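# A structural walkthrough
Residues per chain, in single letters:
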Amino acid sequence: MIDYKIHSWQEVDKEKLSKGLYIWVIHVNKIPPHIGISIDGKFYSLKVNGKDVGVDFELIYKIIQKKQIQTLFVEIDSNKNSNIESVFEKYKSLNNSNTTCLSPIIEFLHEDENIKILVELLVNLDKKNQIKSFFGLNLGTDFEGIPVYSLDDVQNRILKLKDAKRSKHIS
């Protein structure tokens, strides 16, 4: 079931990602997806095992391409003058139940702190006419949009990833 329908998207041109502001929806076909953001070719993402801060987008792009990960890029029309690195500095990793990969992105975009999942963010950005376009990588012709998921799904996934990380260290 689709929670946020994407009516039109086009294949991403890698060079286009080197300029502008993009929300990266990695594993867009999974519940929940992983969310990152890039600004002028630098990628940022909060993860269970840390964070990506100012990583050259081409490194992440190559991994997504090589592993054939279904990814949606949402181009945002924004003239944010906040320093994204100072926002990500506040976060170490996904270390508490109130923090998700979306948390620093919401803070950077100065969105409502009550937004907890990607669909809520996209709806809010759409209402403000800040979504310029959608691009895809490794999306099939049957791709329709963001599947339905909840904050519980996100928190359960984070716990599962933390448990997997812990069990690696135990053995």
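Residue indices follow the written sequence of each chain, beginning from 1 at its first position. Where local features are concerned, this predicted model is filtered to residues with pLDDT of at least 70; where side-chain atom pairs are given and counted, the filter is 80 or more; whole-chain, interface and lining totals use all residues. Hydrogens and water are ignored here; the side-chain numbers use all heavy atoms of the structure.

Let's shift gears to the overall build of the protein. A count of helices and strands for the protein gives five helices and nine strands. Secondary structure follows DSSP: runs of H or I at least 4 residues long count as helices, runs of E at least 2 residues long count as strands, and numbering of each begins at the N terminus. Along the chain direction, N to C, the helices and strands of the protein fall in the order β-β-β-β-β-β-α-β-α-α-α-β-β-α. In summary, the protein has a C-alpha radius of gyration of 15 Å against a globular reference of 16 Å for 171 residues, a match within 12%. On the principal axes, the C-alpha backbone points of the protein span a range of 45 × 35 × 30 Å. Counting across all 171 residues of the protein, residues that qualify as buried make up 46%. Throughout, radius of gyration means the C-alpha value; the globule benchmark is 2.2 Å times the number of residues raised to the power 0.38. Exposure is judged per residue with a 1.4 Å probe applied to protein chains only, and the accessible area is read against the type maximum: over 50% gives exposed, under 20% gives buried, and values in between give partly exposed.

The next subject is the environment of Leu125. For Leu125, the position within the fold is in helix H4 (residues 118-127). Judged by its relative accessible area of 1%, Leu125 is buried. Considered as a pair, Leu125 and Glu111 are 14 residues apart in the sequence and their alpha carbons are 8.7 Å apart. In this description, contact between two residues means that some pair of their heavy atoms is separated by no more than 4.5 Å. Dropping the residues within four chain positions of it, Leu125 is found in contact with Ile23, Ile76, Leu109, Glu111, Gln130 and Ile131.

What follows covers empty space enclosed by the protein. Of the two site types, the cavity is a set of points on a 1 Å grid over the protein atoms alone where a 1.4 Å probe fits but cannot get out, and the pocket is an open set with protein on both sides within 12 Å along at least five of seven lines, each lined by residues with an atom within 4 Å of a point. Grid points are joined across faces, edges and corners, and a volume is the space filled by probe spheres set on the points. Counted under the stated rule, the structure contains one cavity of 30 Å³ or more. If you trace the largest cavity, you find it lined by Pro32, Pro33, Ile35, Thr100, Cys101, Leu102, Lys116, Ile117, Leu118, Tyr149 and Val154. Of the residues in the lining of the largest cavity, the class split is nine nonpolar, one polar and one charged. Classification convention: Asp, Glu, Lys, Arg as charged; Ala, Val, Leu, Ile, Met, Phe, Trp, Tyr, Cys, Pro as nonpolar; all other residues, Gly among them, as polar.

Each neighbour pair has its own omega, and for Ile31 with Pro32 the value is -10°, a cis peptide bond. Among the structural elements, Pro32 can be located in the loop between strand E3 (21-26) and strand E4 (34-39).

Side-chain atoms within 4.5 Å link the members of a nonpolar core, which is a set of buried Ala, Val, Leu, Ile, Met, Phe, Trp, Tyr and Cys residues. Among the nonpolar cores identified, the biggest contains 40 residues, and Ile23, Val25, Leu72, Val74 and Ile146 are the most heavily contacted of them. Ignoring anything within four residues of it in the chain, the contact list for Ile146 reads Ile2, Asp3, Tyr4, Val25, Val28, Leu72, Leu118, Val119 and Leu122. Val55, Ile64, Ile69 and Phe73 belong to the second largest nonpolar core, which has 15 residues in total.

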